[in-house]
Amino acid sequence: MAGRAASKVLSGARVVLPTGTVDNGRVIVEGSRIAGAAPADAPSLDLSGHWIVPGFVDMHVHGGGGASFTSGTAEDVLRGVQTHREHGTTTIAASTVTGEMDVLARQAALLSELVQQGDLAGIHFEGPFISPCRKGAHSEDLLRDPDPAEVRKLIDAAHGTAKMVTLATELPGGIDSVRLLAEHGVIAAIGHTDATYEQTVEAIDAGASVATHLYNAMPALGHRTPGPIAALLEDERITVELINDGTHLHPAALELAYHRAGADRVAFITDAMDAAGFGDGMYDLGPLAVEVKGGVARLVEGGSIAGSTLTLDTAFKRAVTVDRLPVEDVVRSISANPARLLGVHDKVGSLEPGKDADLVVLDAGFTLKGVMRKGAWVIEP
Ligand SMILES: [Zn+2]
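Here's a quick rundown of the structure. (Residues numbered from 1 in each chain as written. Predicted model: local features only at pLDDT ≥ 70, side-chain atom pairs only at ≥ 80, totals over all residues. Heavy atoms only, no water.)

Brief notes about the coordination of the zinc ion
Then step 1. Distances from the zinc ion to its protein donors, namely His60 (NE2), His62 (NE2), Glu126 (OE) and Asp271 (OD), fall within the range 2.0 to 2.1 Å.
Then step 2. If you look at the zinc ion, its four donor atoms make angles of 85 to 170° with each other, and the shape they trace is irregular.
Then step 3. Binding-site remark: the zinc ion is held by donors from one chain whose sequence spacing is H-x1-H-x63-E-x144-D. Of the two residues, His60 is situated in strand S6 (residues 56-61) and Asp271 in the loop between strand S15 (266-269) and strand S16 (281-285); the sequence distance between them amounts to 211 residues.
Then step 4. Classification of His60 by relative accessible area gives buried; the value is 0%.
Then step 5. Look at Asp271 and you get buried, because its relative accessible area is 5%. (Donors = N, O, S within 2.8 Å, 3.2 Å for Na, K, Ca; no water. Tetrahedral: all angles 85-135°; square planar, octahedral: opposite > 155°, others 65-115°. Helix = DSSP H or I, 4+ residues; strand = E, 2+ residues; numbered from the N terminus. Buried < 20%, exposed > 50% of the residue type's maximum accessible area, 1.4 Å probe, protein only.)

Structure follows, in structure tokens:
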């Protein structure tokens, strides 16, 4: 940037910092970053009566704005990214759904370029290495066992930008694949799984560190068969993803998981598909047809829930107003934790001098009023 970067001061708001909330706080923006001090003549924007929180980070999202990250062109993907930015998500890892291996590899190459240019923070492969018993909205005929050589092929196709692979670790090759991913610095996420409690413990010991949308697409918690849910919740090494749209999880189930894991081991995700920020209608999820009615996405064939139409501003508001979670906890679960898991916490995920000026302005009722990304307003409050 030529010359002195333009400074602006956002003042008068309740600002959620890593150390807690500051009433009547200020955020100083210099160029694309947050600064520690402002020049005396810097213009100030009064945001009294509002909250300023870090920009949201979504580590599991398949599309939005009518566009799919699995099948879209670069232009489509950027439209989806822009839709989520307008809802406060300033950092996105693109998730794919099950497809042919060569199709996924080609898409990974396309997505990796968008990571290189800074529009995405990485790639999450959800499938094809998942259980046919818990396939959710993935094509059964394209599922395969997690052979480490195949897993390797997929992450290689992402040219170093693969951040996470969701797999059913109980399948043949599952544990070796978890080890392979851990060795390559890629998160092995347990999901779309039919594993027992014991099999899940084995996968965690092998290096798995995330639970893909806990509760959804896995055996239910039973008092004699605790299954993956208990194993994932009790282990300090696991971060659990939760879809807080009121459809995927009953508030009581969310509360149980949130309080067992604690704010630092939860990542709120959207798992959103194309219809997010776009509306009801007919869509494709990979090779499958989906109908969205009243904001709920279901497979045309079989009626499985097929991702969500959630955006993180709605998830944030629900977490505070419906689930009654402390704002500071929600901020950790929706920004700091996913930023850490994606390995971008040195740049984003909290409001600290030196980090990107990525922030969300909310009114007193937690409705989104503004979004700033890298110092520029996406939505001006
Ligand atoms: Zn998903």
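Quick look at the packing of helix H1 (residues 74-85) against helix H2 (residues 101-116)
Then step 1. Taken N-terminus to C-terminus, the directions of H1 and H2 make an angle of 55°; their axes are 10 Å apart at the nearest point. Accordingly, the angle class assigned to the pair H1 and H2 is oblique. Considering how the two elements wind past one another, H1 and H2 form a crossing that is right-handed. Where H1 abuts H2, its residues Ala74, Val77 and Leu78 lie against Gln107, Leu110, Leu111 and Leu114.
Then step 2. For the contact of H1 with H2, the class distribution of residues is six nonpolar, one polar and no charged. (Axes fitted to C-alpha atoms, helices over the stretch in contact; angles between N-to-C directions. Parallel < 35°, antiparallel > 145°, perpendicular 65-115°, else oblique. Left-handed = near helix turned anticlockwise from the far one by under 90°. Contact = heavy atoms within 4.5 Å. Nonpolar A, V, L, I, M, F, W, Y, C, P; charged D, E, K, R; others polar.)

Here we look at the nonpolar core
Then step 1. Of all hydrophobic cores here, the largest spans 91 residues; its most connected members are Leu120, Leu214, Val240, Leu242, Phe268 and Phe316.
Then step 2. Here this core spans two domains, and each of domain 1 (7-53 + 350-379) and domain 2 (56-341) adds at least three residues to it.
Then step 3. Ignoring any residue separated from it by four or fewer positions in sequence, one finds Leu242 in contact with Leu214, Leu249, Leu254, Ala257, Tyr258, Val266, Ala267, Phe268 and Ile269.
Then step 4. Residues Val15, Val27, Val29 and Ile34 belong to the second largest nonpolar core, which totals 13 residues. (Core = buried A, V, L, I, M, F, W, Y, C linked by side-chain atoms within 4.5 Å. Domains from an automatic or database assignment.)

Some remarks on the packing of helix H4 (residues 174-183) against helix H5 (residues 197-206)
Then step 1. Across the interface, H4 lies against H5 with an axial gap of 9 Å and an inter-helix angle of 25°. Taken together, the axes of H4 and H5 are roughly parallel relative to one another. When you trace H4 past H5, the crossing you get is right-handed. Only Glu202, Ala203 and Ala206 of H5 make contact with H4, whose side of the interface consists of Ile175, Val178 and Arg179.

A few points about the sheet that holds strand S18 (residues 296-299)
Then step 1. Ordered in space as S16-S17-S18, the three strands form an open sheet in which the pairing is antiparallel. Looking along the sheet, the strands with just one partner apiece sit at the ends: S16 and S18. Neighbour-to-neighbour, the strand axes of the sheet open up by a mean angle of 35°, direction not taken into account.
Then step 2. Bridge count between S16 and strand S17 (residues 288-293): five bridges; the pairing is antiparallel. Residue pairing in the sheet places Met282 in a bridge with Glu291 of S17. (Pairing = 2+ DSSP bridges.)

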